[in-house]
Protein chains: 4
Amino acid sequence: MLGKSFQTSFFGESHGRCVGVLIEGCPPGIKVDLEELNKELEKRRPGGSIYVSPRREEDRVEILSGVFNEFTTGSPIVVIIYNKDVISFYYEKIKNTPRPSHADFVARIKYYGYNDYRGGGIFSGRITAPMVVAGYFAKKILKRFDVEVYSYIKRIGKFECNPSIEEIKKNTYKSPIRFPDLSKVEEIENYLKEIMREGDTIGGIVETIALNLPIGLGEPPIDTLDGDLAKALFMIPAVKGVEFGAGFNFSVMKGSEANDPYIIKDGKVLTLTNNSGGILGGISNGMPLIHRVVIKPASSIRKKQRTVDLEKMKETEIVVEGRHDPCIAIRAVPVVESVTSIIIADHLLRWLSWKELLEK
Amino acid sequence: MLGKSFQTSFFGESHGRCVGVLIEGCPPGIKVDLEELNKELEKRRPGGSIYVSPRREEDRVEILSGVFNEFTTGSPIVVIIYNKDVISFYYEKIKNTPRPSHADFVARIKYYGYNDYRGGGIFSGRITAPMVVAGYFAKKILKRFDVEVYSYIKRIGKFECNPSIEEIKKNTYKSPIRFPDLSKVEEIENYLKEIMREGDTIGGIVETIALNLPIGLGEPPIDTLDGDLAKALFMIPAVKGVEFGAGFNFSVMKGSEANDPYIIKDGKVLTLTNNSGGILGGISNGMPLIHRVVIKPASSIRKKQRTVDLEKMKETEIVVEGRHDPCIAIRAVPVVESVTSIIIADHLLRWLSWKELLEK
Amino acid sequence: MLGKSFQTSFFGESHGRCVGVLIEGCPPGIKVDLEELNKELEKRRPGGSIYVSPRREEDRVEILSGVFNEFTTGSPIVVIIYNKDVISFYYEKIKNTPRPSHADFVARIKYYGYNDYRGGGIFSGRITAPMVVAGYFAKKILKRFDVEVYSYIKRIGKFECNPSIEEIKKNTYKSPIRFPDLSKVEEIENYLKEIMREGDTIGGIVETIALNLPIGLGEPPIDTLDGDLAKALFMIPAVKGVEFGAGFNFSVMKGSEANDPYIIKDGKVLTLTNNSGGILGGISNGMPLIHRVVIKPASSIRKKQRTVDLEKMKETEIVVEGRHDPCIAIRAVPVVESVTSIIIADHLLRWLSWKELLEK
Amino acid sequence: MLGKSFQTSFFGESHGRCVGVLIEGCPPGIKVDLEELNKELEKRRPGGSIYVSPRREEDRVEILSGVFNEFTTGSPIVVIIYNKDVISFYYEKIKNTPRPSHADFVARIKYYGYNDYRGGGIFSGRITAPMVVAGYFAKKILKRFDVEVYSYIKRIGKFECNPSIEEIKKNTYKSPIRFPDLSKVEEIENYLKEIMREGDTIGGIVETIALNLPIGLGEPPIDTLDGDLAKALFMIPAVKGVEFGAGFNFSVMKGSEANDPYIIKDGKVLTLTNNSGGILGGISNGMPLIHRVVIKPASSIRKKQRTVDLEKMKETEIVVEGRHDPCIAIRAVPVVESVTSIIIADHLLRWLSWKELLEK
C-alpha cells in the first residue's frame, strides 16, 4: 500500500485476468466519468504511431466498488482493467532462460518459482495502467486546489528539449513521442525507426512540472515530499533514477550559483530561480515542482544476448521475439504524471487537516 | 516512521536538548558496544580537517531503552545524542529573513511559525547523527548475512574518482574528504580551501556499494528495494537525486548496451556487467547494489544574497555568518551508508519470514 | 489495510457489483482450491435453516490476481464475490428515514450523502464474505504450523453451552445454529421461530478457540496479539465487545483465583487453568487462545420504531420490511473464525523472521 | 506505532533509565504547560491512599523534542519520565521462576532470554505513564472541538456504581479509589484493606464516557473507531476485555429492546436511548461514546502459588514479595481516559481533511 491518506494498492498480472487498483481514503463527492477516465488511459497508448508495441490494449475498464451514481462514495474504490485474451505459450519457452535485465530471474528466486511469468507477470509495463486510473482520481482532488501536473519527454537518446510550460501543455500529446519540441519530432521518429530495425531499444528522461502546490506539503523528517515521490516513481518499471530541480548537476555547482534568492512579486514570496525544483527540506515551497526520471531502454531486444539455462545450469543465448517499443519512456509519460499526482494528492489531504485545525 | 520490520523514527532539533532515534522491531540478542557506536558517529566528523564546520560535536550518546546487559532486548530502542550548549541568538536575527535554499521559509509557513528555527531546527544536518546510530544497529543485522555497505565520495565539483572496491574499503576513511583516490586528495583540499576563502560551497556525489545481498530483497509492486532506498535517502538534508547502476546515463544507452548478460561462475548465476546496479524489478539480484546520491552545495554561504524580510514583506539582503563546511557531501558519506543499511536490514527481516516458511 | 505482513483490504457494497478482498504479503506456494474456498463460504449460509435471510447468496467467486496454476504467487491477491442482481428500490424509500441502530444515519453524514445506501452499502453483513475468503488463505498458512481455529455459538439469548473442544469440532457445523450442544438445538430453533413471528431479533455470543499457537506471537507494547484481534473483530458488523479468557468475569475475581499456575507436563511448561485465554502481556503463551465476541441483535426488525425524516427534519416511524435473520450471530461464526485466523497468520509471519534470525 | 495522523510510540522499561513516548503528527501551536502535564501524571498516583503500591514515583518529566517556547512545533515530540533508582536484585531471584499470569514466561521465550526482566520490564504498569503524557497532548486537540473524555471506576469486585455524568465529573478524583459514588467509598476501602491483608488482589471495570464527538469519526471497513479504541486499550497491562454501549448485555437483548430510536431535539438528530454507546457501523453518531474495559486483578500476590523453575525444569512454588496495589483498576482510570483521547484525536485529525475539502 502506498500513501497514508490517499492510499493505493496495485494488483494484477500481464497475462492474468486483469490489472487493477484499490484506493482507500479517497474523499466522497468526486465526479467519475468513464469516458474521461478512458481518455486518460488512452495516453498510455500512442496508437497511431509505429514505434509502440503492437499489442493493442483495448482497455476495458470496470469500477467494482466505491463509486455510486457517478460519484465517489468515500469507501474503498476498486477499478480493474481486463486483459484481453493473450497467447502465453511463448513465455513457456523462455521460462528457464531469463531475459537479461528483465525481472525474470529475480522473480523466479524470490517467489520460489510460483510467480506468474507469462508476459512478465507483475513486472510488465501493463501494471502501469492502474496507476493512470489512480492518477485520474488524484488529479480530481488536485483540481480543487488548482494544482496541475504535466509530464513530457525531456530526452530520448541524444535528443533533448527545453520547452516552456506553454509548449509542454500545448504540444506534449500532439506529439506521438510526447516530445513537445515539435520541430524535432520527425528526426527522432526516424531515429527510433532505425533503432527498431536494429532490433534494439533506447532510454530516455521524463520531466514533470507540477504547478500551484500550496506551500507546506511534505512531512519531514521521514515523509518528505521528494522522498515519497521518489519511492512511488520507482514503482514504474525501468525507472533507474530520480532528481529534483538542478538534480545531479548540483554536484558541480557552487552554493552561490545553486541558491534560489527570495523575491517578492505581486505580494507573494517567490524565488528568482528554481534550482530547488519547488522543494526545500522535503517541503513544497510554492514554486513549480520539477523532477526528472530516467527510463532505461526496454530490456526486450531482438538482438542475440547471453543468458543461462536455469534448469540445466549452463550458459546459452536468447533472442527475445516479437515487436517491442523502441523507447518505453514514451509510454511512461502519463504514468509518471499520474504517480506524481497520486503522491501530491496524498500529501494535500494530510496538509488539509492541520490547515483546518489552525486556521478555523 | 520508516520501514515495516526494522522501523525507525527520528526526532530532535539542532539547538534543542538532543537528537535521537526510536527503533521498533529490532531483534533481540544484538550486541551493543558504546565504543563501537561512538566510532561510527566519529565518521560524521572529519575532525582533523580544516574544511568542516567548527562546531565540535562531542556526541554524548545515551541509550534510553531497549538495551539490557549490552544486548538488544527486542523492545523499542531509543538512543539520544545530547546537544552541547549552543548560542542561538544569531538565529533570532535571521528569524524573519529566510536564508536562500534553506528550509527556513517553508518551515515557517508549514508550522505556522511555531517551528524551532534555531540552528535550522529539524532541518539541520545534526539530525543525521541518529541516522548513523540506527545504521549501527542495522549493520549488526546485516553482518549476520555477510552483507557489507560502503559509501564514499564519488565526486566533488569537477573532481571524480572510479575506485575499485578494495580501494574504497581501504582508503575512504584514510582520506579526510572520504575520497578514496588518495592521489587527488591534496589537490581537492586546496580547491576546497579556495572555495572557503570565497565564502562559497560546492556540491558532490556519494556513491554506495552494498555487497552480498541475498537475491530476493524488495516487495514489488509498491515496496521496491530501490524505491524504499530512494525515499530514505531523501531524509538526508541536501540530497536532490538518487540513481541506481548506470542511472541517468541509461537515457543515452541502447538496450544492447544496457542489458546485463547472465553468466555462470562457480556454480552461481551472475551478470557479466552490472548496469542494473544490483536491482531488477525492484528486487535485489545478488550482484553488488550500487547507487549514487547528489548532495547540493550547502546553502549557508558568506556571500551576500537576495532575500526578503517576511515581517515587513520587502526585499532585502543577507550574509550568513559563521564558518561552514565547504562541501557537506563529505559529512554525508557515513550517513548515506547508514541509511542504506537501515533499508536493507528492514527488507532482510521481511525476506526472512518467507524463507523460514518456504524452506523449513 | 489490516495487518503488517499478511495485509488485507476489504471493498465492495451490498448492492454494487461485488464484494472482495485484496491480500498483500501472502507467501507464494499456497495451494488454492476453489471448491474448498466455496465450502468455506458456504459456512456463512446456514441454507437449510428457516431462520436465515432469504437472500440466497450464490457466491460466485473469481480470483482476479495473485494465483497462478492453483498456487499463490507471492504477489497481491484479489478475490471478488459477485453480487446477484438485487432489487434496490426499497432502499430508496428509506433513504431519508434512517433505520434505528443501523449505520444509515452516520454514513449519510460522514460521506456527505454520497454513500451507496442500497442494502446498507459497505455496512451490510455481505462484506463479511471476503473476510472468509481472506481467512481461507490465512488458515492455509496456519496449517503449516498446526494452528487450528474454531468458532461456535456460545450463547443465543438465554441459551448457553459449555462444550468440550471435541464437541466444538464435531458438532458446530452439524447444528444449523452453530450451537454444539445438539441436545438444545430444537428448543433454540423454536425460540428463534417465535422471535421471527414477533418480527424481532436476538443477540448472541461467539466463542473462539485457537490451538497450537507457538509461544511468542504478539508485539507489545503496541501491536499486542489481543489488541490486533480486537481491532479486527470490530470490522464485523454488530460486534459490540470482545473479551479474552475469563474476560469481564475478572472484575469479580481475586488474583488468587484468576492466576494460572505453571505446571510441567510431558516436558512442556503449561498452565493448570487458562483464565488468561492463552495471552499474557499481549503475547501468546502456548495455551489455547480463547476469546468471545458479543453480536448485537440485528437492527432490522419488522416492529414499528421511532425515527426521523432527515429531509423534513421531523420525527416519524419506520417498519423495516423483508424477512431477516432472527439471530445474525449464527452467520458470524465462520467470519469470527476467519478474522481470528487472519490476525494469527499476520503475527505468525512476523514471528518467523526473528525465529529464522535467532535460531539459524 | 499507533495511529495514522496522531501517531504514538511507547518505549522504556520499569527499571531502566526511563519510560517515554514519541508523538509524530501532532499539530503545531499546542500550548504545553509542564505543571498541567505533571497534574495529569499525578492522577496515576492515588497518593494519599493506603492501597496503592508504595513505590512513590516522583515522575520527573523531560521534553526532549518537538516543543519550543512552550508550544508544539509540529515536529516529532519526545517526552520521557525518568525512573528513580530502583533495587532490582529481587528480580534476579525470580528470573527463572515465572510469576503466574505475569508476562515473565512469554517474554523470556519471545525475546530469547534477552528481555529486561527487572520489574517486569516493558510489561510493568510503569509504561502507562507515557500514555498519560500522550493523552495530555491529545486532550489539547480534543479541547478545540469541545470533546471531553471521562473515565471512572464502574466496578471493583462486587461493588458497582451507576453515576450521572455530573457525578463522574465532580467526584471521580475526589475519591481515592476513583469511584464516583462517594457513599460507598468507605465500605470499598475496608474491603480493599481486607484483600490486602490476605495478600490478594481484586479486578475491576473502568467505564469511559466521551462527550461532543462530531458525527463521522471512524473509517470502516477496517479502521473503525471502536476497533481502533479496542486495539489501543489492550496496550494497557491487565485489560482483558472491551465493550461498547450495552456491550455483552446485547447477547440477551432483542432488537426491539436494543435499537436506539431517533428523535429530534433542539433541531438535532439524537437517539432516545444510547445502547449503541455512540458508535454505529464503526462511526461516531454524535451521542456520548461509552465503553468499558475489564482490568484483571494484579497477578502479583503474596499468597503461595505453583510455578516452575525454568532452569531445572521442575515444578516449584513462589511467593511474590513486596506490597502491591490491591486493585490496579484504580490506577488505570487516567490511563484509559488518555488512551481513549489519543485515538479520538487521531480520528479527529483525519476527519478534518475531508471536512476542509468538502465544506470549503
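Residues numbered from 1 in each chain as written. Chains lettered and ligands numbered in written order. Predicted model: local features only at pLDDT ≥ 70, side-chain atom pairs only at ≥ 80, totals over all residues.

### Remarks on the interface of chain D and chain C
When the parts of a complex come together, some accessible area is lost, and that lost area is often used as the size of the interface.
Right, so step 1: With 84 residues of chain D in contact, the opposing surface of chain C contributes 85 residues.
Right, so step 2: Counting only elements with at least two residues in the side of chain D that touches chain C, the list comes to helix 3 (104-110), strand 9 (204-211), helix 7 (225-233), strand 10 (239-244), helix 8 (255-258), strand 11 (262-265), strand 16 (305-309) and strand 17 (314-318) of chain D.
Right, so step 3: Residues of the side of chain D that touches chain C, tallied by class, amount to 46 nonpolar, 22 polar and 16 charged.
Right, so step 4: By the bridge criterion, 3 bridges tie strand 10 (residues 239-244) of chain C to strand 10 of chain D in an arrangement that is antiparallel. Pairing of Val242(C) across the sheet is with Val242(D), part of strand 10 of chain D. (Contact = placed C-beta atoms within 7 Å. Helix = DSSP H or I, 4+ residues; strand = E, 2+ residues; numbered from the N terminus. Nonpolar A, V, L, I, M, F, W, Y, C, P; charged D, E, K, R; others polar. Pairing = 2+ DSSP bridges.)

### Concerning the interface of chain B and chain A
Right, so step 1: Taken together, the contact between chain B and chain A spans 85 residues of the former and 86 residues of the latter.
Right, so step 2: Broken down by secondary-structure element, the contributors of at least two residues to the side of chain B that touches chain A are helix 3 (104-110), strand 9 (204-211), helix 7 (225-233), strand 10 (239-244), helix 8 (255-258), strand 11 (262-265), strand 16 (305-309) and strand 17 (314-318) of chain B.
Right, so step 3: A breakdown of the residues in the side of chain B that touches chain A according to their chemical character gives 47 nonpolar, 22 polar and 16 charged.

### Quick word on the relation of the copies chain D and chain C
Right, so step 1: Relative to chain C, chain D is turned by 180° and slid 0.0 Å along the rotation axis, the superposed coordinates differing by an RMSD of 0.0 Å. The superposition operator between the copies reduces to a two-fold rotation axis.
Right, so step 2: Of the residues that chain D buries at the interface, 100% are likewise interface residues in chain C, meaning the two copies contact each other through the same surface. (Least-squares fit on C-alpha atoms with pLDDT ≥ 70 in both.)

### Description of the sheet that holds strand 6 (residues 77-82) of chain A
Residue and element names in this part refer to chain A.
Right, so step 1: One open sheet holds the 4 strands; their spatial order is 1-2-6-3, and the pairing between them is antiparallel. Sheet topology places strand 1 (7-12) and strand 3 (60-65) at the edges, where each strand pairs with a single neighbour. Going across the sheet, the axis of each strand differs from the next one's by a mean of 20°, ignoring polarity.
Right, so step 2: With 6 bridges connecting them, strand 2 (residues 18-24) and strand 6 associate as antiparallel partners. Looking at the pairing, Gly20 lines up with Ile80 of strand 6.
Right, so step 3: Where helix 4 (residues 129-143) meets the sheet, its contacts fall on strand 1, strand 2 and strand 6, and the angle it forms with strand 2 comes to roughly 30°. (Axes fitted to C-alpha atoms, helices over the stretch in contact; angles between N-to-C directions.)

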